[in-house]
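Listed below, chain by chain, are the residues.
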Amino acid sequence: MGNCVSRSKQPFPVSRKSFTEKNMGSGIPDGLPIAEPTTSFWMIPATPIAKPQSQENLPSHADVVIIGSGISGASFARTLLERGESLHVVMLEAQDVCSGATGRNGGHIFPATYHDYEDLKKRVGEDMAKKMMRFRRAHLDEILAIAAEEGITEYTQCRAVEGVDVYFDKPTFEEAQRKLQVYQRDMGEYAGLYACYEGLNAHEKFHLSPLAVGCIATRAGAIHPYRFVTSILSRLLRDYPKEFEIHIRAPCTSIDEPTSSCPFYRLTTARGVITAPHIVHLTNAYAPALLPALKGAILPIRETMTAQRPGRNLHASTLHGGRSFIFFDSPRKGFDYLTQLPEGEHELMFGAGFESSTDSGANAMYGVHSAAHVGGAMPIYFGAESWGAEALPTTPTDEQDVGAGSWAEGRVKAIWSGLLSESADEMPWVGKVHVNVAGRNVPPASSAPSALSSNTEKLKSVVTAAPGEWIAAGYSGEGMVHAWLSSKAVALMLLGEDLTEVKTWLPELFSVTEDRVKMAKRTFKPDVMLSGKRRVFSL
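What you see is a predicted model; the values in this text were computed from it and never measured. (Residues numbered from 1 in each chain as written. Predicted model: local features only at pLDDT ≥ 70, side-chain atom pairs only at ≥ 80, totals over all residues. Heavy atoms only, no water.)

A. How the structure looks around the overall build of the protein. Looking only at helices and strands, the protein has 15 helices and 20 strands in total. Counting all 539 residues of the protein, 60% fall into the buried class. Partitioning the contacts of the protein with sequence separation of at least 6, the portion at a separation of at least 24 is 80%. Working note: accessible area of the protein is about 20400 Å², and carbon and sulfur atoms make up 52% of it. (Helix = DSSP H or I, 4+ residues; strand = E, 2+ residues; numbered from the N terminus. Buried < 20%, exposed > 50% of the residue type's maximum accessible area, 1.4 Å probe, protein only. Contact = heavy atoms within 4.5 Å. Areas by Shrake-Rupley, 256 points an atom, 1.4 Å probe, with all protein chains shown as cover.)

Rendered as structure tokens:
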């Protein structure tokens with residue numbers, strides 16, 4: 001998660017049962033966010049805003065209602081409040097703040113580039129494929145800059161790392177090298193720097209198992225996603241006490257269109273009813289619950305994450321958090337992903353890609369097979385010598401070790417699962433939701449928020465675009481390299497700003513149209529597990 005749906009378009013056979021039906025049968029919900037039964041390591045200790053402060057009802061009205069409090073919500077709210085004018089913004093969260101995919105992911109900022117480029121070029125043309133690559137790559141520097149601006153770089157462990165793709169199958173590695181050449185040739189100076197290592201060179205540089213046949217390394221990033229999001233939302237609550245509020249345990253259960261007696265959307269929640277001219281859907285895999293037309297276009301996938309103590313020799317491989325890895329162990333099994341915390345016990349944040357997508361447990365638990373796989377894979381990937389003896393639990397030494405007594409004492413400290421999304425056409429859904437997709441009429445233009453002139457106390461012109469519903473979702477496990485800029489773009493759209501600059505970096509194909517929804521559903525193949533990630537295995 002975060003970077004955890006498969007990195008390859010693998011045409012391997014699965015059940016004849018449809019993808020949605022199969023996942024539904026595996027405990028994946030088709031509705032509102034649930035209370036997750038597993039505890040994410042990232043979320044301990046919880047920040048003050050993550051728990052209920054009161055049980056007061058919602059305000060009766062807001063200018064903008066945001067549904068969702070993950071990285072998309074943080075990006076959107078930050079942009080809207082800092083660039084908007086006197087807007088009253090309410091954020092609704094079904095569970096606790098940042099308790100969804102962002103708070104349960106792998107902490108990677110590691111975009112798929114050469115892996116996807118050639119296939120995207122065939123599908124959408126060279127210019128659009130290049131734009132999509134630039135968009136993904138822009139997220140690392142953007143998030144590093146945001147962390148610096150917020151003064152939270154150290155606290156959120158936001159950093160650039162060496163990202164290493166490790167291959168254990170020679171034909172797959174050779175295909176990866178070929179695709180890298182195509183990508184570098186077409187992208188030129190925008191490709192970024194890559195280095196290939198084969199055989200013994202790979203083993204010695206990265207201290208890997210002799211089973212590894214080669215590696216491709218480049219610049220990537222890593223972050224504590226929960227701290228990043230909750231730090232930003234906490235600051236917004238302090239800086240905009242009158243304009244911004246967050247209500248948790250407030251799932252939105254229905255949305256009614258405007259009527260002659262109420263010219264706004266009417267949102268019913270577990271904490272009351274609120275009206276608004278603008279609704280922003282930032283719930284990723286759960287978006288179809290309130291936008292039924294997107295069922296089949298955005299699909300849920302449950303995957304498994306762990307926090308593990310590193311072997312005593314592993315520092316030479318991981319550099320105490322200075323490297324992230326993607327392991328491609330088989331052309332038909334997908335991939336696993338790893339980053340490491342730079343402090344504490346230097347926990348390894350290790351998750352499964354396709355290994356777990358068909359193995360979801362009942363009641364939102366992780367699957368036994370995927371849990372067993374991630375619990376034992378790393379000494380194989382790095383080799384017994386590079387892994388070394390098993391580490392023993394350390395005694396908590398400071399406040400950052402709060403919750404240490406809650407974790408298991410073996411290699412695997414914590415194991416959890418989370419729900420992310422797969423887009424049927426492998427691209428995010430970003431922008432205003434067409435009325436035919438929303439299935440609801442929009443409020444009249446006269447219901448758009450207006451501001452008072454400080455000099456005349458008369459109404460100024462409206463301060464947003466025309467009322468409607470908006471979305472940023474369907475990241476296909478690539479949320480950390482799609483969500484921030486996608487949601488920023490949506491905020492600028494809602495504010496009615498000049499989008500000339502935005503259009504230079506936001507791919508037009510991400511827009512939400514009725515035709516795209518129909519096409520995505522029509523072209524999605526239920527008997528093939530699609531992926532938006534690392535398309536190396538089309539051999």
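More follows now that the structure is in view.
B. Seen up close, the packing of aromatic side chains. Counted according to the given criterion, the structure contains 19 aromatic pairs. The interplanar angle of 70° and the centroid separation of 5.9 Å between the aromatic rings of Y117 and Y183 together place this pair among those described as edge-to-face. Of this pair, Y117 sits in helix 3 (residues 114-124) while Y183 sits in helix 5 (residues 170-187); the two residues are 66 residues apart in sequence, bridging distant segments of the chain. Overall, Y183 belongs to the buried group, its relative accessible area being 0%. For the ring pair Y197 and F206, a centre distance of 5.3 Å and an interplane angle of 85° mean the geometry is edge-to-face. Chaining the aromatic ring pairs together yields one cluster made of F168, F325, F327, F350, Y381 and F382. Over the aromatic face of F206 sits the side chain of K205, whose NZ or CZ is 5.6 Å from the ring centroid. Its end group placed over the ring of W429, R516 keeps NZ or CZ at 3.5 Å from the ring centre. (Phe/Tyr/Trp six-rings, centres within 6.5 Å; stacked < 30°, edge-to-face > 60°. Lys NZ or Arg CZ within 6 Å of the ring centre and 35° of its normal.)

C. The packing of helix 3 against helix 4 (residues 126-150), seen in detail. Remark: helix 3 packs on helix 4, axes separated minimally by 7 Å, with the N-to-C direction vectors making an angle of 140°. Between helix 3 and helix 4, the interaxial angle falls into the category oblique. Of the two possible hands of crossing, helix 3 and helix 4 adopt the one that is right-handed. Packed against helix 3, whose contacting residues are D116, Y117, L120, K121 and V124, the element helix 4 presents E126, M128, A129, K130, M132, M133 and R136 at the interface. (Axes fitted to C-alpha atoms, helices over the stretch in contact; angles between N-to-C directions. Parallel < 35°, antiparallel > 145°, perpendicular 65-115°, else oblique. Left-handed = near helix turned anticlockwise from the far one by under 90°.)

D. Main features of the environment of L499. Mapped onto the fold, L499 is located in the loop between helix 14 (483-494) and helix 15 (514-523). Between the alpha carbons of L499 and A489 there is a distance of 8.5 Å; along the sequence they are 10 residues apart. Among all residues touching L499, those that are not within four sequence positions of it are L492 and M493.

E. Examining the pattern of salt bridges more closely. As enumerated under the stated definition, the model contains 31 salt bridges in all. The residue E497 makes a salt bridge to R83 at a minimum N-O spacing of 2.8 Å. Here the residue E497 occupies a position in the loop between helix 14 and helix 15, and R83 occupies one in helix 2 (residues 71-83), the gap between them amounting to 414 residues. Residue E175 pairs with R178 through a salt bridge whose shortest N-O separation is 3.0 Å. Of this pair, E175 and R178 both sit in helix 5, separated by three residues, roughly a single helical turn. Here the salt bridges share partners, and the residues they tie into one network are R78, E82, E149, E150, R235 and D239. (Salt bridge = Lys/Arg side-chain N within 4 Å of Asp/Glu carboxyl O.)

F. Seen up close, unusual backbone geometry. Each neighbour pair has its own omega, and for I44 with P45 the value is 0°, a cis peptide bond. Relative to the assigned elements, P45 resides in the loop between helix 1 (19-24) and strand 1 (64-67). Although it is not a glycine, C98 sits at a positive phi angle of roughly 55°. When its relative accessible area of 1% is taken as the criterion, C98 is described as buried.

G. Focus on the packing of helix 3 against helix 5. With their axes 8 Å apart at the nearest point, helix 3 and helix 5 run at an angle of 70° to one another. The angle between helix 3 and helix 5 falls in the class roughly perpendicular. Relative to helix 5, the crossing made by helix 3 is left-handed. Of the residues in helix 5, those touching helix 3 at Y114, H115, Y117, E118, D119 and K121 are A176, R178, K179, L180, V182, Y183, R185, D186 and M187. Tallied by class, the residues present in the contact of helix 3 with helix 5 amount to seven nonpolar, one polar and seven charged. (Nonpolar A, V, L, I, M, F, W, Y, C, P; charged D, E, K, R; others polar.)

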